[in-house]
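# A look at the structure
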Amino acid sequence: MSARVLMHICCGPCSMYPATRLLEQGHEVTGFFYNPNIQPLQEYLKRREAAEQAARELGMKIIFQDQDVDPRVYLRQVAFREDKRCFLCHQLRLERTRSAARRGGFDFFSTTLMFSKMQPFEQICALGKTLETEKCRFLDQDFRPGWKQGIERSRAIGLYRQNYCGCIYSEFERFKGSLPRNGQ
Ligand code: SF4
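Below is a short write-up of the structure. (Residues numbered from 1 in each chain as written. Predicted model: local features only at pLDDT ≥ 70, side-chain atom pairs only at ≥ 80, totals over all residues. Heavy atoms only, no water.)

Near the ligand, the surroundings consist of Asn 37, Tyr 74, Arg 85, Cys 86, Cys 89, His 90, Arg 93, Cys 165, Gly 166, Cys 167 and Ser 170. Looking at the shell around the ligand, its residues break down into five nonpolar, four polar and two charged. (Near = heavy atom within 4 Å. Nonpolar A, V, L, I, M, F, W, Y, C, P; charged D, E, K, R; others polar.)

What follows deals with the environment of Ile 168. Considering the arrangement of structural elements, one finds Ile 168 in helix α7 (residues 168–175). Under the relative-accessibility criterion, Ile 168 is labelled partly exposed at 40%. Taking the C-alpha atoms as reference, Ile 168 lies 7.5 Å from Pro 40; in sequence the two are 128 residues apart. (Helix = DSSP H or I, 4+ residues; strand = E, 2+ residues; numbered from the N terminus. Buried < 20%, exposed > 50% of the residue type's maximum accessible area, 1.4 Å probe, protein only.)

A few words now on the pairing of strand β4 (residues 108–111). Here β4 shows a buried face lined by Phe 108 and Ser 110 and a second buried face lined by Phe 109 and Thr 111. Pairing of strand β1 (residues 4–8) with β4, which is carried by four bridges, proceeds in the parallel orientation. Within β4, the position partnered with His 8 by the bridge is Thr 111. In terms of strand pairing, β4 meets strand β5 (residues 137–138) through two bridges, oriented parallel. Residue pairing in the sheet places Phe 108 in a bridge with Arg 137 of β5. (Pairing = 2+ DSSP bridges.)

A few words on unusual backbone geometry. For the peptide bond that leads from Gln 39 to Pro 40, omega is -5°, which places it in the cis range. With respect to the secondary-structure elements, Pro 40 resides in the loop between β2 (28–33) and α2 (41–58). Notably, Phe 80 is not glycine yet its phi reads approximately 65°, a positive angle. Inspection of the secondary structure puts Phe 80 in the loop between α3 (71–78) and α4 (85–103). Overall, Phe 80 belongs to the exposed group, its relative accessible area being 81%.

Before going further, it helps to spend a moment on the sheet that holds β1. Ordered by their spatial adjacency, five strands build an open sheet running β3-β2-β1-β4-β5, and the pairing between neighbours is parallel. If you trace the sheet from one side to the other, it starts and ends with β3 (61–64) and β5, each paired once. Most of the contacts of α2 go to β3, to which it runs at about 160°, and overall it touches β2 and β3. With respect to the sheet, α4 is in contact with β1, β2, β4 and β5, its orientation differing from that of β4 by roughly 155°. (Contact = heavy atoms within 4.5 Å. Axes fitted to C-alpha atoms, helices over the stretch in contact; angles between N-to-C directions.)

What follows is the structure in structure tokens.
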């Protein structure tokens, strides 16, 4: 059965396999790029461009929520609750996707976060299910089996691939090893 799906896009490379899969299944897929967690702005712009390039390659419509890239949107969501920051980050992005999907009359909403082996699949699924409504359901398809295929395709078209998850905390964790040692 064909359905209208609003797919939250976390980045271009992660969108390749899930969108292809849903399009092959006969669904009408629209991308939704809402990621105030991606900081700083220049990194956001690189990932935005890659998402646009991926959507062109897939022939998929994509909606950007650039009005909300103000870093305070994400930072206020996680401030003083940093130990739960990933859950809060997923919640922020999925809630917005669900609201846009409801307003737009979509049958389903979903997220490319469920393609990534770096993200907690079960937790994201459970969160999506708590947000769904009778008319706008959460599509909990596991896209991880297509990991290799999706990455290869994104490499083949030269998509920008980021080297940290997105927030400044993840950037710090990724690169803190390059800090000089005290006194040297
Ligand atoms: S590490 Fe990634 S998922 Fe977790 S809060 Fe940062 S950007 Fe969000």
